[in-house]
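Results of the structural survey
Next come the chains, spelled out residue by residue.
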Amino acid sequence: MHVFGIVFLFLAAVLPLSQWPIAVFGIQTSVAAIATMPVLIYWFLLDFALGAAILGAAIVLLSVAAIIAGQANTVEMWSLTAILIVMAVHRRLLGTRCSNVAGRHWSTIRSICCSDRCL
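Computed from a predicted structure; not experimentally measured.

Backbone phi values are negative for most residues with the exception of glycine, while trans is the configuration of most peptide bonds. The backbone of F25 sits at a positive phi, close to 55 degrees, despite the residue not being glycine. Within the fold, F25 resides in the loop between β1 (21–24) and β2 (27–30).

Relative orientation of the contacting elements helix α2 (residues 31–46) and helix α3 (residues 48–71) amounts to 165 degrees, with a least axis distance of 7 Å. It follows from the interaxial angle that α2 and α3 lie roughly antiparallel. In the packing of α2 onto α3, the handedness of the crossing is right-handed. For the pair α2 and α3, the contacting residues are A32, A33, T36, L40, W43, F44 and L46 in the first and F48, L50, G51, A52, I54, L55, A58 and L62 in the second.

Attention now goes to the side chain of T36. Among the secondary structure elements, T36 is positioned in helix α2. Not counting chain neighbours up to four residues away, the residues in contact with T36 comprise F10, V14 and L62.

Attention now moves to the environment of L15. Note on placement: L15 falls in helix α1 (residues 2–17). Separated by 51 residues in sequence, L15 and A66 have C-alpha atoms that sit 7.4 Å apart. Filtering out sequence-adjacent residues up to four positions away, L15 remains in contact with A65, I68, A69, M77, L80, T81 and L84.

So, about the pairing of β1. As paired strands, β1 and β2 are joined by four bridges and run antiparallel to one another. Counterpart to V24 in the pairing with β2 is I27. Connecting the antiparallel pair β1 and β2 is a turn made up of two residues, with F25 showing a positive phi of about 55 degrees.

Another point: the confidence of the model for the chain. The pLDDT averaged across the chain works out to 81; a share of 77% of its residues lies at or above 70. Least confident of the elements in the chain is helix α4 (residues 74–113), whose mean pLDDT is 71; most confident is α3, at 93. Scored below 50 in pLDDT, residues 112–119 makes two contacts in the model with residues more than four places away or belonging to other chains.

Conventions and cut-offs
Residues numbered from 1 in each chain as written. Predicted model: local features only at pLDDT ≥ 70, side-chain atom pairs only at ≥ 80, totals over all residues. Heavy atoms only, no water. Helix = DSSP H or I, 4+ residues; strand = E, 2+ residues; numbered from the N terminus. Axes fitted to C-alpha atoms, helices over the stretch in contact; angles between N-to-C directions. Parallel < 35°, antiparallel > 145°, perpendicular 65-115°, else oblique. Left-handed = near helix turned anticlockwise from the far one by under 90°. Contact = heavy atoms within 4.5 Å. Pairing = 2+ DSSP bridges. pLDDT = per-residue confidence, 0-100.

In structure tokens:
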């Protein structure tokens, strides 16, 4: 659940930026692609394998955002952005709550099994 929230938040963030075209060195791109470059460079410097995975996901999500921005009008795009934000927050909170419950469960099992009473 938590991972889907991150994907939805990323898509919601780049969707409005995908409607702003810009030409960089003669190449037509969007503000969304330019805005993601510093983060991608950071992840490549931090960990190359993880950076490559994030780059692949970013390419797919930026392509999806460009397709949506090309097909939807402004009202539809902003409505979809709002829906994605609500879904993302819900998924992130649900994922956090589930992991906290699982974390308490495993810590309870660990404390019971490692206590003096079990021995």
